[in-house]
Amino acid sequence: MNRRTALRNLAFVTGTAVVLPACFHEAVQEAPASISLRHLPVSASQEALLAEVCETILPKTDTPGAKDLRLHLYVLRMLDDCGKLKDQQAFLNGLKQLDNAAHQQHNLGFAACTPQQKLAMLRGLDQQKGSPTDLAHFYHTTKRLAAAGYTKSKYFMTQEVVYELVPSRYNGYFPTKKLDLARKHHGQS
Amino acid sequence: MANLNIDSIKARTFDAIVIGSGISGGWAAKELTDKGLKTLVVERGRDVKHIKDYPTTNLYPWEFAHNGEIPQDIQKANPVINRCYAFREDAMHFFVKDAEHPYVQEKPFDWIRGYQVGGKSLMWARQTQRWSNFDFEGPARDGFAVDWPIRYQDLAPWYSYVEKFAGISGHADGLPQLPDGEFLPAFPLNCVEDYFSKHVKSKYANRHVISARCAHLSEPKAIHAQQGRGQCQNRTLCQRGCPFGGYFSSNSSTIPWAMRSGHLTLRPDSVVHSILYDEQQGRATGIRVLDAHTKAVTEYYAPILFVNAGALNTNLLLLNSISHRFPQGLGNDNGLLGKFVAFHNYSARISAEYEGFQNLTTDGRNPAGGGYIPRFRNVFKQETNFLRGYAAGFGASRYFGSDSDGLGADFKKSLENPTLGPWQVGSHMMGETIPKETNYVRLDPKHKDEWGMPLLSVSVAYDDNDAKMKQDFYEQFTEMYTKAGFTNIKTINSKQAPGLDIHEMGGVRMGHDPKTSLLNKWNQLHACPNVYVTDGACMTSTSTQNPSLTYMALTARAVDHAVQAAKRRDA
């Protein structure tokens, strides 16, 4: 049995895909993220951590939260496909640093912290403008993409600020007091 | 065997051949088939059928994988096309990727191409203005290029002819530098555009901000219904292809029209290698075509040939059509083929804000894009330190935004309740450039593409006249914006290379004299008159107007001439 066949059989036995070669560099073989990513070697637990960050930024209120809309997957997809290499690297570093910071402050991983602890940690980063560190860069990238994912989501564009595919009209003198963005024909593109 | 061969030649013989199916090739196809000629249209790209082949046309924003953005790997692999404003996730399948069709840039030149049936008429910006005699008389008056062999009066009836069919929306503004046409109702200016229009009119003798004229059916007529086209629905998603046929394209209009005549044979995936020239007959007899996929070579024959491959590709094809009679390319006795290429200078913009009209905004979308400012510099006489002038767009709009600070429930609430910002206004310059012998295209002596065609080598650059004109645009618009009370005025130098304007023209210019031009006043090659060139390659100068409407009118006029000339020969 050659090496390739052996690996394939191993994958078969364990029921997980073996991804070569990036995962060999990790000390611990972790399950990969739930979507295939080409440039961001994010593990399942990092994905879960990111989901917590997104939910803290855009929590479930009387409208769906980040987890309901799976916004963390939007963040990963956009960064993986459309992000620049240096942004991807800073994001990955920052993602790891957030968990380390949570351990230092609360002796817990970020995901296990209370909602108040999560909010306090991220609020500190929110105030660090200009992304001076990888950690702040990670936060602001996540926030920007999660917000875009939210406002471009089907939910948002059909329930909150409705998108019109076929307006069939143009009025260049429309009174702002008549605006109602939740109305189906509010006419704002 | 001999009979089989004769049958085969017969099957490959037509009354007319059109090379290219973009905005001018589509018109050639329509006009030739309307007049009953059995016509072959060859297109190097794939077929794109109206509606059926518009895969993204009805997608909602959330249905795109990347929210409209182009993934990094595609951007990196295609630096030229990635600079095009319309190269976005919803329409990228209609643009030529850099690596698929290489060319040589002796100087930076962004060559934007669409290789498919319909060409770039699918994704064009649809702005359509007539030229005036101030444009046709420009080279003679100002002493550059050569005199146009036609005047506005020659083209005016043909402008009317194509406008009625294509459907052009606009106002009759009564301006000598921008003749009125056969208009469907204009898309109106909005309150700030109107304000600026009135303001400019009150402060300047000869400056006008009018509704942009565009190839949209604001109010379709019977002729448009006959094409299967309906009213523009203000989607402004035109670059995806319009399921309503709301704007003019070869795909929605001329090609299916020609197809319904029963006289059209459309061959996509057919790369024309060269035009065949017969020395005994003293004329072109047909074309040599490579199948885009199998590379199999086939020849097709016709007594009339229309070259509409797109300005620079028309140059390439003629340069590559070598014979004993024409060793430098078909019709190129004077060595000027490929020279005097020009374009439009689109490298300057200006933006500002306006604090008025806070109680008003827009509702729906304007497919015309807003206002158009016809050329006002050097129109009636020379008055600046540069030749010619520029037109400009003018648009005003308000955008929604929300507070980007904070996180949690408050941040989410602010996203859900965006507020209107101030009016944003902007203009972009569309400058006439002076055709020069030093701006040229030629065949690369070494490199060929995978179809065995020499690569096109492009050497086109801005000059001092362009720089002075650009400075004037900044100054004049800063002054106009300031007087109108606009604030936060910012001039923007895009520093873009020529080509990104997607208005490259010339190389096979029209003129009176075979010694100094390639085409006569009917768009026939002086030295090979059964070959007509009616795309951007034929342009003697560039004017400031968007050129497509003029290509359409020139094409319809040239087809009429070709068919009448053929009848005279028969008689």
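Residues numbered from 1 in each chain as written. Chains lettered and ligands numbered in written order. Predicted model: local features only at pLDDT ≥ 70, side-chain atom pairs only at ≥ 80, totals over all residues. Heavy atoms only, no water.

Take the interface of chain B and chain A next. Taken residue by residue, the interface counts 46 residues in chain B and 56 residues in chain A. For the pair chain B and chain A, the two sides together bury roughly 4400 Å², of which 59% comes from carbon and sulfur. Counting the surface chain B buries against chain A, the share from its top three residues, W62, D363 and L407 of chain B, is 18%. Applying the counting criterion to the chain B and chain A interface returns three salt bridges. The partner of D363 of chain B in a salt bridge is R169 of chain A, and the shortest N-O contact between them spans 2.7 Å. In this assembly, chain B and chain A are joined by 26 residue pairs in polar contact (both at pLDDT 80 or more). Secondary-structure elements contributing two or more residues to the side of chain B that touches chain A are α3 (72-77), α7 (191-203), β15 (360-364), β17 (390-401) and α11 (409-416) of chain B. (Contact = heavy atoms within 4.5 Å. Buried area = accessible area lost by both parts, 1.4 Å probe. Salt bridge = Lys/Arg side-chain N within 4 Å of Asp/Glu carboxyl O. Polar contact = N/O pair within 3.5 Å; in protein donor to acceptor, adjacent residues only side chain to side chain. Helix = DSSP H or I, 4+ residues; strand = E, 2+ residues; numbered from the N terminus.)

A word on the domain arrangement of chain B. Residues and elements named next belong to chain B. Here chain B is partitioned into domain 1 (4-170 + 212-346 + 434-461 + 498-570) and domain 2 (172-211 + 347-387 + 389-433 + 462-497). Once you take the C-alpha centre of each, domain 1 and domain 2 turn out to be 30 Å apart. A buried area of about 4300 Å², summed over both sides, lies between domain 1 and domain 2, and 54% of it is on carbon and sulfur atoms. When the area that domain 1 buries against domain 2 is broken down by residue, the three leading residues are R213, N345 and Y346, summing to 19%. Run the count over domain 1 and domain 2 and you get three salt bridges. Across the salt bridge formed by R213 and D173, the nearest N and O atoms sit 2.9 Å from each other. Scanning the region where domain 1 abuts domain 2 turns up 26 residue pairs in polar contact (both at pLDDT 80 or more). Breaking the side of domain 1 that touches domain 2 down by element, the ones donating at least two residues are α4 (133-136), α5 (138-142), α6 (152-166), β4 (168-169) and β13 (344-345). (Domains from an automatic or database assignment.)

What follows deals with the UniProt feature "domain: Glucose-methanol-choline oxidoreductase N-terminal" (unreviewed entry) in chain B. Residues annotated in UniProt with the feature "domain: Glucose-methanol-choline oxidoreductase N-terminal" (unreviewed entry) correspond here to residues 106-321 of chain B. Annotated as residues 106-321 of chain B, this span is 29% helix and 17% strand, and its ends, taken at the C-alpha atoms, are 23 Å apart. (UniProt positions renumbered as here; feature names shortened; annotations may be inferred.)

Okay, the sheet that holds strand β2 (residues 39-42) of chain B next. All names here are of chain B. Pairing in this open sheet of six strands is mixed, and the strands run β7-β2-β1-β11-β24-β23 from one edge to the other. If you trace the sheet from one side to the other, it starts and ends with β7 (264-267) and β23 (524-525), each paired once. Sheet topology places strand β1 (residues 16-19) next to strand β11 (residues 304-307); four bridges connect them, and they run parallel. Directly across from I17, in β11, lies its bridge partner L305. (Pairing = 2+ DSSP bridges.)

Before going further, it helps to examine the confidence of the model for chain A. Residues and elements named next belong to chain A. Confidence along chain A averages 86 in pLDDT terms, with 81% of residues attaining 70 or more. Predicted confidence in chain A is weakest over helix α1 (residues 3-14), with a mean pLDDT of 39, and strongest over helix α3 (residues 71-82), with 98. Low pLDDT, under 50, characterises residues 1-27; the stretch is placed with nine contacts to residues that sit more than four places away or in other chains. (pLDDT = per-residue confidence, 0-100.)

Under the UniProt annotation, "domain: Glucose-methanol-choline oxidoreductase C-terminal" (unreviewed entry) lies at residues 435-554 of chain B. In this annotation, residues 435-554 of chain B is assigned 22% helix and 28% strand; the end-to-end C-alpha distance for the span is 20 Å.

Given a rise of 1.5 Å per residue, 23 residues ought to cover 33 Å, and the 33 Å separating the end C-alpha atoms of helix α13 (residues 548-570) of chain B matches this to within 8%. Among the 23 residues in α13 of chain B, 17 count as buried, and that is most of the element. (Expected span 1.5 Å × (residues − 1). Buried < 20%, exposed > 50% of the residue type's maximum accessible area, 1.4 Å probe, protein only.)

Our next topic: the side chain of N67 of chain B. Checked against the element boundaries, N67 of chain B lands in the loop between β2 and α3. Within polar-contact distance, the side chain of N67 of chain B engages the side chain of Y74 of chain A at 3.2 Å. Once you skip the residues sitting within four places of it in the chain, N67 of chain B turns out to touch Y74, M78 and K152 of chain A together with R88 and E89 of chain B.

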